[in-house]
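Spelled out, the chains give:
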Amino acid sequence: MDILSARSGDETPAAEPRPVWRRPGADGAAGLARLASFQVRVFLLLLCVSASLLFVVGYYVFERMHATLYENLGQHAVVQAQQIAAIPELIEAVRRRDLPVIERIAKTMLQRTDASFIVIGDANGLRLYHPTLDPGTPMVGDDNAPVLRDGQSEVTVRAGSLGYGLRGKAPIKDADGVVVGVVSVGYLQDLIFSRDVAQRGPVIVFLTIALGATFLTAWFFARSIKRQMLGMEPAEISRLVRQQEAVFDAIMEGVIAVDRHDRVRAINHAARDIVGDTRSSQEIIGCRLSDVVGSGAPSRGGDGTDGAPEIRDAVLLFNNVQVIANRLPVVVAGKPVGAVLSFRRKDDIATLSLQLSQVRRHADNLRVVRHEHMNWLSTISGLLEMRHYDEALQLARMQSRTQQRVLDTISQAFFNAPVCGMLLGKYYRARELGLELVIDPGCRLSSLPEVLKVSEWLSIIGNLLDNAYDAALALGERGQRVSFLMIESDDEIVIEVADTGVGVEAGVRETLFELGVSTKPGGEHGIGLHLVKTYVDQAAGTITIEDNEPRGTIFSLFIPKGAARAAQA
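Here's what I pulled together on the structure shown here. Nothing here was measured: the structure is a model prediction, and the numbers come from that model. (Residues numbered from 1 in each chain as written. Predicted model: local features only at pLDDT ≥ 70, side-chain atom pairs only at ≥ 80, totals over all residues. Heavy atoms only, no water.)

Focus: the nonpolar core
Heads up, the condition is: Throughout this description, the term nonpolar core refers to a set of buried Ala, Val, Leu, Ile, Met, Phe, Trp, Tyr and Cys residues connected via side-chain atoms within 4.5 Å. Each residue's exposure class comes from its accessible area (1.4 Å probe, protein chains only) as a fraction of the maximum for that residue type: buried when under 20%, exposed when over 50%, partly exposed otherwise. Elements are defined by DSSP. Helices are runs of H or I of four residues or more, strands are runs of E of two residues or more, and each kind is numbered from the N terminus. The contact criterion used throughout is that any non-hydrogen atoms of two residues lie within 4.5 Å.
Membership of the largest hydrophobic core comes to 50 residues, with the highest contact counts inside it found for F414, I460, F484 and M486. Examining the composition of this core, we find that nine residues originate from one element, helix 15 (residues 454–473), more than from any other. The contacts of F414, once residues within four sequence positions are left out, are V419, C420, L423, I439, C443, L445, F484 and M486. Core analysis: the second largest hydrophobic core is formed by 29 residues, L73, L90, M109 and Y129 among them.

Points about the sheet that holds strand 9 (residues 321–332)
Worth spelling out the cut-off: In this analysis, strands are considered paired if DSSP registers two or more bridges between them. Think of each axis as a best-fit line through the C-alpha atoms, taken over the contacting stretch in the case of a helix, with angles from 0 to 180 degrees between the N-to-C directions.
Reading across the sheet, the five strands line up as 7-6-10-9-8 and stay open at both edges, with antiparallel pairing between neighbours. Edge positions in the open sheet fall to strand 7 (264–267) and strand 8 (311–318), since each of these has one partner strand only. On average, each strand axis in the sheet is inclined to that of its neighbour by 30°, with strand direction left out of account. Taken together, the ten bridges between strand 9 and strand 10 (residues 335–345) define a ladder with antiparallel strand orientation. Bridge pairing links R327 to L341 in strand 10.

Quick look at helix 17 (residues 528–538)
Counting buried positions along helix 17 yields eight of eleven residues, so the element is predominantly enclosed. Along helix 17, the positions that sit buried rather than exposed are L529, H530, L531, V532, T534, Y535, V536 and Q538. In the segment just after helix 17, A540 is the residue with positive phi, at about 60°.

With respect to the sheet that holds strand 3 (residues 154–160)
Strand order across the open sheet formed by five strands is 2-1-5-4-3, with antiparallel pairing between neighbours. Strand pairing shows two members of the sheet lacking a second neighbour, strand 2 (127–129) and strand 3, which therefore form its edges. Sheet twist, expressed as the average angle between the axes of neighbouring strands with direction ignored, equals 35°.

Some words on the packing of aromatic side chains
We apply this condition: The criterion for an aromatic pair is that two Phe, Tyr or Trp rings (for Trp, the six-membered ring) have centres within 6.5 Å, with stacked assigned to planes under 30 degrees apart, edge-to-face to planes over 60 apart and tilted to the rest.
Under the definition given, this model contains five aromatic pairs. When the ring of F43 is compared with that of F215, the centres are 5.0 Å apart and the planes differ by 85°; the resulting orientation is edge-to-face. With F43 in helix 3 (residues 38–85) and F215 in helix 7 (residues 189–228), this pair connects stretches of sequence that are 172 residues apart. Given a relative accessible area of 39%, F215 falls into the partly exposed group.

Below you can see the structure in the form of C-alpha cells.
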C-alpha cells in the first residue's frame, strides 16, 4: 500500500498541449503569398492591362457604332421623308385635305420602307394621317415648327405618341414653293436597339476571342520570364546579385569579364587597382578591354567572333604593370559568348617565388654547413676516442683556419651582411657538390644601391651561381671551378659569374631569359634567369653572355647605381 502510494504521488500527469492561437485568415494570407509569385503577378498584371485596353477599345467601338447607326438611320429617314413629300399626288391630296388618298399613299410607302411609322400633317401641324390616332389632332414633339416655318428638312430624336424614337422630317411644298404640310418618317427605339445589338454581336465575339488569346499569351509569357530567371523570384535574384558582387570584390586577383567583342561587362575592385583605373565599375562597363588595360590586352581571334584563345599564366603588360594573366572563354550552349580574364601583379608572383627560393637556399646552406660540421666533429670524436689528442687539436686548428680564411675573404670584400651570408652558403654548397667557388680577389662592395631591393640583389647572385653550378655539374666531372666577381665603381655595379661547364649555344642565348626557357631537362627550370633578367631590366641594366676559356660561359651584369626603377608596383 505504501509503495503504491509513493508511486502515485511521484507521478505527474502529463501536461495537455495548449492550443496554438492563429490569427483568423493567417493560413489564407500565407497561401495567397505563396501563390502571388512573380509569375502569377506578371500574369495578372498583363491580363489586367490587356483586359483594360480591350474594354476601352470595345467601349469606343460600341459608341462609334451607336453614333454611326443613329446618323445613318437619321439620313435614311430624312431621304425617305423627302421622297414621300415630293410625290405629286400626295402634295395635291394635302392641299385639298383628301384624307383617304393621304392614308392610302402613307400605308403604301410604309410597306416599302423599313421605318417604324409614317405621319403626315398640314401646315398648321395637325395630323392628316397617323397609324393609330385620328386626323385633326396636333402633332407632338415640338419639332415641326422649324420645318413648317423654314421649309428645311431635319432629323430629331423625340418622344412622340408612338414612343421614343428617331424622326426624319421633310416639308411638303406646292408648285409655288409654299409649305402646305409635313412628312415625318420615324424609327422607334426598340427597332434601333435591335439593330444596335445585331451589329455589336460580331464585335463582342471578336473581343472575347482576343481576351482569351491575351489570357494565354500572358500566361506563357510569364512562364517564359520565370524560366529565363531560372525559377527564382526577384528578391532572390537581388540577394544573389548582392552576394556575387561582394564575392567578386573580395577576390584578391583582378577579374574582368568581357563579351565576344572584348567589351567589359564586369570588373572587380582589385582589377581597377592593378591597372590604376580610378573610374567606377559602372563607368568602365561597356568600354573596350584595350581602353582599360592598355595595348597589352590579349587580342581577339582572327575572325573576331570566337574571342581570344585560351591563355594560361602569360606575362602581359597592363598599363605599364607586368601581370601574370589567365584568360578562359565562356561557352554557353556550345557557342562562345565572352571570356573571363584573371590576373595578378607579376611582382606578387615573383615575390612569392623568390621567398620560396630563398627559403630553399637557406635550408640547403644550413644542411651543407651541418653536414660539414658533422663530418668534422665525427673525425675529432674518433681521434679523441683513440687518445690521439695532438692530431685532434691539429685538425681543429686547421679547420678553424680554413673557415676563418673563407669568412675573412668574403667579409673583407663585401660590407653587406646579407651578401656575405649568401656567398658563404654558396661556398659550402659548392664544396658539397664537388665544385670549387673562387671569390675573385678584386671583389669590392661597400653597400647595395637602392635601385633594387636587397632581396632582389640576393636573387640575382643566387640564381647566377645556381645556374653556374648546374652547368659545371652537367659535365659529370668533379673539381670544376666557378668564379665570382662583384665590384662597384662610381656609377655602376658589375657582377660576373664564370663557369667551366657545358656552355650555352648561340641559338639559345636570344631566348635564354624568357620564362620557362632552360637548357636543363625537367619542368621546374626556366625561372631563375628570367627573374635575373627582370630585375636587371627594372634597374635599367644590361646582361652579356660570353664564352669562357677553355669552355663554359661568362655572365656579366652591368647595373647603374643611380637609375630609377623602371617598373614598380
